[in-house]
Amino acid sequence: TVGAFAPVQPGVDTDQEIAWFKRTLKVGRALDATQTMEFFAPIRPGDVLSAQVSIAKIGQKQLRVGPAFLVTLERTCTNQSGDVVCRETREFFYY
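Scope of this entry: the structure provided in the associated data block. Values in this document were obtained by computation on a predicted structure and should not be read as measured data.

Conventions adopted
- Residues numbered from 1 in each chain as written.
- Predicted model: local features only at pLDDT ≥ 70, side-chain atom pairs only at ≥ 80, totals over all residues.
- Heavy atoms only, no water.
- Patch = residues over 30% accessible without salt bridge, like charges linked within 9 Å, V, L, I, M, F, W, Y side chains within 5 Å.
- Areas by Shrake-Rupley, 256 points an atom, 1.4 Å probe, with all protein chains shown as cover.
- Salt bridge = Lys/Arg side-chain N within 4 Å of Asp/Glu carboxyl O.
- Helix = DSSP H or I, 4+ residues; strand = E, 2+ residues; numbered from the N terminus.
- Buried < 20%, exposed > 50% of the residue type's maximum accessible area, 1.4 Å probe, protein only.
- Core = buried A, V, L, I, M, F, W, Y, C linked by side-chain atoms within 4.5 Å.
- Phe/Tyr/Trp six-rings, centres within 6.5 Å; stacked < 30°, edge-to-face > 60°.
- Pairing = 2+ DSSP bridges.
- Axes fitted to C-alpha atoms, helices over the stretch in contact; angles between N-to-C directions.

### Description of a nonpolar patch on the surface
A surface patch of nonpolar side chains, about 380 Å² in accessible area, is lined by Met37, Phe39, Ile43 and Leu49. Relative to the assigned elements, Phe39 resides in strand S1 (residues 30–39). Judged by relative accessible area, which is 54%, Phe39 ranks as exposed.

### Points about the nonpolar core
Counting 11 residues, the largest nonpolar core is built from Ile18, Trp20, Phe21, Leu25, Val27, Val53, Phe69, Val71, Leu73, Phe92 and Tyr94. Mapped by element, the contributors of at least two residues to this core are helix H1 (14–25), strand S3 (66–78) and strand S4 (84–94). Looking at this core element by element, the count peaks at 4 residues for H1.

### Some words on the packing of aromatic side chains
For the structure on display, the rule yields 4 aromatic pairs. Taking 5.0 Å as the distance between ring centres and 85 degrees as the angle between the ring planes, the aromatic pair formed by Trp20 and Phe21 counts as edge-to-face. Among the aromatic side chains, those forming a connected cluster through ring pairs are Trp20, Phe21, Phe92 and Tyr94.

### Re unusual backbone geometry
Located in the positive-phi region is Lys26, a residue other than glycine, with phi close to 55 degrees. Counting through the fold element by element, Lys26 comes out in the loop between H1 and S1. Residue Lys26 is classed as exposed on the basis of its relative accessible area, which comes to 71%.

### A closer look at the pairing of strand S2 (residues 50–63)
The pairing of S2 with S3 spans 13 bridges and is antiparallel. Its bridge partner being in S3, Ala51 is matched across the sheet by Cys77. What sits between S2 and S3 in their antiparallel hairpin is a turn of 2 residues.

### A look at the sheet that holds S4
Strand order in the open sheet formed by 4 strands is S1-S4-S3-S2, and the pairing between neighbours is antiparallel. The outermost strands of the open sheet, each flanked by one partner alone, are S1 and S2. Ignoring strand direction, the axes of neighbouring strands in this sheet form an average angle of 15 degrees. When S1 meets S4, the two strands line up antiparallel, connected through 9 bridges. Bridged to Phe39 within S4 is Cys86.

Here it is as structure tokens:
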């Protein structure tokens, strides 16, 4: 296992998430492989958005240069009413 994923504080960007995974997985490089976003409701000026990130999947493979991991993150964004306004799925390749 790779351990618990620390909650991301508001205003923290993905670069810190990437750095956390690189330290935890003990790998040197990261590639942003894919990103998809779905929107379920309009987002308007003045809306207060919150996001929650979870690890959806971690796959591991041994390469000639060492271990490699494909990590899928899912981020769900809600507005001030608690309505889900968007969902983002990102895959990172760490090696």
